[in-house]
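Given next are the chains, with one letter for each unit.
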Amino acid sequence: MNKNTKHFTMQGNAGLMEGLLDKPTEGAPRGIALVAHPHPLYGGTMENKVTQTLARAFVSLGYVVARINFRGVGQSEGVHDRGHGETDDMELLYRHMTEQYPGLPVALSGFSFGTYVQSQLQKRLTAAGTPAERLVLVGSAAGKWEMADVPANTILIHGENDDTIPLQAVFDWARPQDIPVLVIPGADHFFHRKLGHIKSWVIALWQGGSQQKDDADAE
């Protein structure tokens, strides 16, 4: 962890939740980002390299970033709840962070199993009239988990050679929603030797994605 990353614990729905908080190096945060990690039963933690890369991307964008270990991981108490309890816990983190930083827009981001959790959380927030500003989903769990539909401005990034979540499954899920998928050539599920591409594309698409869509609509 760097000097701007702080360890924290908070009370969750199934006991203690362990988390990390990353703050921008300069100035006040311009938003809040919540990052969710891959499947806990397959070794996923909040310190997963893709999860860390997403956190660093959002810090570069000026966001304060919170991530937690899901139930049964690290110091987080409880047992794996097939995404239901994990979504509850992420919603609790959302409430906590929006209370700590009132008025700031919220971004949801996740990797693999974490994309399922964040899609379900966005569905809840939308139903409550408080949707997140945007989603960034890397290595989407489409085809393995019942992903909720997501907004049109969602950023989807996937590896060309992902053999855990086949690229075709992501296309099949994204196509009816008309959501573009950014494919990283040669990347596997864990983006070995491709992590820099994730960070650079998240930053680029976050800053210019809406303009790209506007330009496309104008053609």
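Residues numbered from 1 in each chain as written. Predicted model: local features only at pLDDT ≥ 70, side-chain atom pairs only at ≥ 80, totals over all residues. Heavy atoms only, no water.

Trainee: Got a minute to help me understand the nonpolar core in this structure?
Mentor: A general trend in soluble globular proteins is that nonpolar side chains are found buried together. In this structure, Leu34, Met90, Leu93, Met97 and Leu108 are the most contacted members of the largest nonpolar core, which totals 39 residues. At five residues, the largest contribution of residues to this core is made by helix H3 (residues 113-127). Those residues in contact with Leu34 that sit more than four places away from it in its chain are Ala66, Met90, Leu93, Tyr94, Met97, Val106, Ala107, Leu108, Ser109 and Gln118. Core analysis: the second largest hydrophobic core is formed by 25 residues, Leu54, Leu61, Ala187 and Ile198 among them. (Core = buried A, V, L, I, M, F, W, Y, C linked by side-chain atoms within 4.5 Å. Buried < 20%, exposed > 50% of the residue type's maximum accessible area, 1.4 Å probe, protein only. Helix = DSSP H or I, 4+ residues; strand = E, 2+ residues; numbered from the N terminus. Contact = heavy atoms within 4.5 Å.)

Trainee: Just to check I follow, could you spell out the pairing of strand E8 (residues 181-184) for this structure?
Mentor: Consecutive side chains of a regular strand alternate in pointing toward one face of the sheet and then the other. Sheet topology note: the strand E7 (residues 155-159)/E8 ladder contains four bridges and is parallel. When the sheet's bridge partners are listed, Leu156 is paired in E8 with Val181. In the classification by handedness, the crossover that spans E7, the intervening helix H4 (residues 167-174) and the parallel E8 is right-handed. (Pairing = 2+ DSSP bridges. Right-handed = clockwise from strand over helix to strand, strands pointing away.)

Trainee: Whenever I open this one, the sheet that holds strand E1 (residues 5-12) confuses me. Can you help?
Mentor: The sheet built from eight strands is open, its strands ordered E1-E2-E4-E3-E5-E6-E7-E8 with mixed pairing. Pairing within the sheet leaves two strands with one partner each, and these edge strands are E1 and E8. Shown here is a sheet whose adjacent strand axes are inclined to one another by a mean of 20 degrees, direction ignored. Bridge count for strand E6 (residues 134-138) against E7 is three bridges, and the pairing is parallel. Its bridge partner being in E7, Val138 is matched across the sheet by Ile157. Packed onto the sheet, helix H2 (residues 84-100) meets E1, strand E2 (15-22), strand E3 (31-36), strand E4 (63-68) and strand E5 (106-111) and runs at close to 160 degrees relative to E3. Across the sheet, H4 is in contact with E6, E7 and E8; its angle to E8 comes to roughly 170 degrees. (Axes fitted to C-alpha atoms, helices over the stretch in contact; angles between N-to-C directions.)

Trainee: Help me understand the side chain of Gln122 in this model?
Mentor: Within the secondary structure layout, Gln122 lies in helix H3. In this view, Gln122 contacts Leu108, Pro131, Ala132, Leu135 and Pro151; residues no more than four positions away in its chain are not counted.

Trainee: I'm lost on the environment of Ser60 in this one. Help?
Mentor: Position of Ser60 among the secondary structure elements: in helix H1 (residues 49-60). Given a relative accessible area of 49%, Ser60 falls into the partly exposed group. Considering only alpha carbons, one finds Ser60 and Arg30, 30 residues apart in sequence, at a separation of 11 Å. In this structure Ser60 touches Lys199 and Ile203, once residues within four positions along its chain are discounted.

Fair warning: the whole summary comes from geometry, so function is off the table for now.
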